Amino acid sequence: MIYLRLIWSYLKIGFFGFGGGYAMLALIENEIVTPGWISEKAFTDIVAVSQMTPGPIGINSATYIGYVAPMNNGFDSPLWGVLGSILCTVVVVLPSFLLVRYASHYIRRHRDSEFIAGMFAGLRPVVVGLIASAALLLMNRANFGSESPEIAKSIILACAALAANLFTKIHPIWIIAASGFIGWIIF
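Note that the coordinates shown come from a computational prediction; the quantities given were computed from them, not determined experimentally. The residue count restarts for each chain, going from 1 along the sequence in the order it is written. For a predicted model such as this one, the threshold for reporting local features is a pLDDT of at least 70, and the threshold for listing and counting side-chain atom pairs is 80 or more; totals across whole chains, interfaces and linings nevertheless cover every residue. Side-chain numbers here rest on the full set of heavy atoms in the structure, without hydrogens or water.

A. Up close: the overall build of the chain. Working definition: helices are DSSP H or I runs of at least four residues, strands are E runs of at least two. Numbering for both runs from the N terminus. A tally of regular secondary structure across the chain gives 9 helices and 0 strands. Along the longest, intermediate and shortest principal axes, the C-alpha atoms of the chain span 55 × 50 × 25 Å. The buried share of the chain, reckoned over its 187 residues, is 28%. Carbon and sulfur atoms provide 71% of the accessible area of the chain, an area that totals close to 11900 Å². The classification of residues rests on relative accessible area computed with a 1.4 Å probe and restricted to protein chains. Under 20% of the type maximum is buried, over 50% is exposed, and intermediate values are partly exposed. Shrake-Rupley sampling with a 1.4 Å probe provides the accessible areas, and residues are treated as covered by the protein chains on show and by no other component.

B. Looking closely at the pattern of salt bridges. Within this document, salt bridges are pairs made up of a side-chain nitrogen of Lys or Arg and a carboxyl oxygen of Asp or Glu, the two lying within 4 Å of each other. Inspection of the entire model under this criterion finds 2 salt bridges. The salt bridge partner of Glu31 is Lys12, with a shortest N-O separation of 3.2 Å. With Glu31 in helix α2 (residues 21-32) and Lys12 in helix α1 (residues 2-16), this pair connects stretches of sequence that are 19 residues apart. What makes Glu31 buried here is its relative accessible area of 10%. In this structure, Lys41 and Asp45 form a salt bridge, with 3.5 Å as the shortest nitrogen-oxygen distance. Of this pair, Lys41 and Asp45 both sit in helix α3 (residues 40-52), 4 residues apart, roughly one helical turn. Accessibility expressed as a relative area gives 45% for Lys41, which makes it partly exposed.

C. Region of the structure containing the nonpolar core. We define a nonpolar core as any set of buried Ala, Val, Leu, Ile, Met, Phe, Trp, Tyr and Cys residues linked to one another through side-chain atoms lying within 4.5 Å. Grouped together as the largest cluster of nonpolar side chains are 25 residues, with contacts concentrated most on Tyr10, Ile38 and Ile65. Those elements giving two or more residues to this core turn out to be α1, α2, α3, α4 (57-72) and α5 (78-109). A contact between two residues is defined here by any heavy atoms of the two lying within 4.5 Å. Leave out the neighbours within four places in its chain, and Tyr10 touches Ile32, Ser61, Ala62, Ile65, Cys88, Val91 and Val92.

D. Quick peek at the layout of surface pockets. Each cavity reported here is a set of points on a 1 Å grid over the protein atoms alone in which a 1.4 Å probe fits but cannot get out, each pocket an open set with protein on both sides within 12 Å along at least five of seven lines, and each lining residue one with an atom within 4 Å of a point. Grid points are joined across faces, edges and corners, and a volume is the space filled by probe spheres set on the points. The computed volume of the largest pocket comes to approximately 1500 Å³. Of all the secondary-structure elements, those providing two or more residues to the lining of the largest pocket are α3, α6 (114-137), α7 (141-144), α8 (148-167) and α9 (172-186). Nonpolar residues are Ala, Val, Leu, Ile, Met, Phe, Trp, Tyr, Cys and Pro. Charged residues are Asp, Glu, Lys and Arg, and all others, Gly as well, are polar. Of the residues assigned to the lining of the largest pocket, the class counts are 21 nonpolar, 8 polar and 2 charged.

E. Spatial organisation of the packing of aromatic side chains. For this analysis, a ring pair means two rings from Phe, Tyr or Trp (six-membered ring only for Trp) whose centres lie within 6.5 Å, classed as stacked if their planes differ by under 30 degrees, edge-to-face if by over 60, and tilted for the remaining angles. Counted according to the given criterion, the structure contains 4 aromatic pairs. Their ring planes at 55° and their centres at 5.6 Å tell us that Tyr3 and Phe75 sit as a pair that is tilted. Here Tyr3 is found in helix α1, whereas its partner Phe75 is found in the loop between α4 and α5, with 72 residues between them in sequence. Exposure remark for Tyr3: the relative accessible area of 6% places this residue in the buried category. Each ring, one from Phe181 and one from Trp184, has its centre 5.8 Å from the other, and the planes form 40°; the classification is tilted. You can see Phe181 and its partner Trp184 sitting in helix α9, 3 residues apart, about one turn around the helix. Residue classification places Phe181 among the partly exposed positions, given a relative accessible area of 48%. Here, a charge over a ring is recorded when the distance from Lys NZ or Arg CZ to the ring centre is within 6 Å and its angle to the ring normal is within 35 degrees. In this structure, Arg101 is placed above the aromatic ring of Tyr102, and the distance from its NZ or CZ to the ring centre is 5.9 Å.

Given below as structure tokens:
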């Protein structure tokens, strides 16, 4: 049944998704796109929408996928989608809640421990690597197009947005708005 598969997928995402939303993207993509619940293009759109709406990417994507997956698998009523949204959202948050609840007590008791300090020192570069892999994951045909002129325009727009973010004091909201407007014009 689709709900059991969704619960299992989001339990895995909840337990093994360390480092925040971007670090979890590869795991979410593997669990959601591979079974065919949504396309690679739809996944990219979910990431974009999740960034524009309040809340973390993992929770926003869980809510959306929980709604869409049952509807795409023969459950026609929107109520089945709402049930899927609730299930996926609760299931993706539950492991983190439990781990933080119990691990925080241990970490607080042993905060001066070399083991804890070493563990966090080892996790930091892994999280950076996972975030970098998310950037590479999003550099696909769905985002950059399949024809040479589309790819060139997309790369130029991405580099311009990156440069504006790194080298100017322009607020990211304005960069996003300008990029959307420019994308509307050139595509």
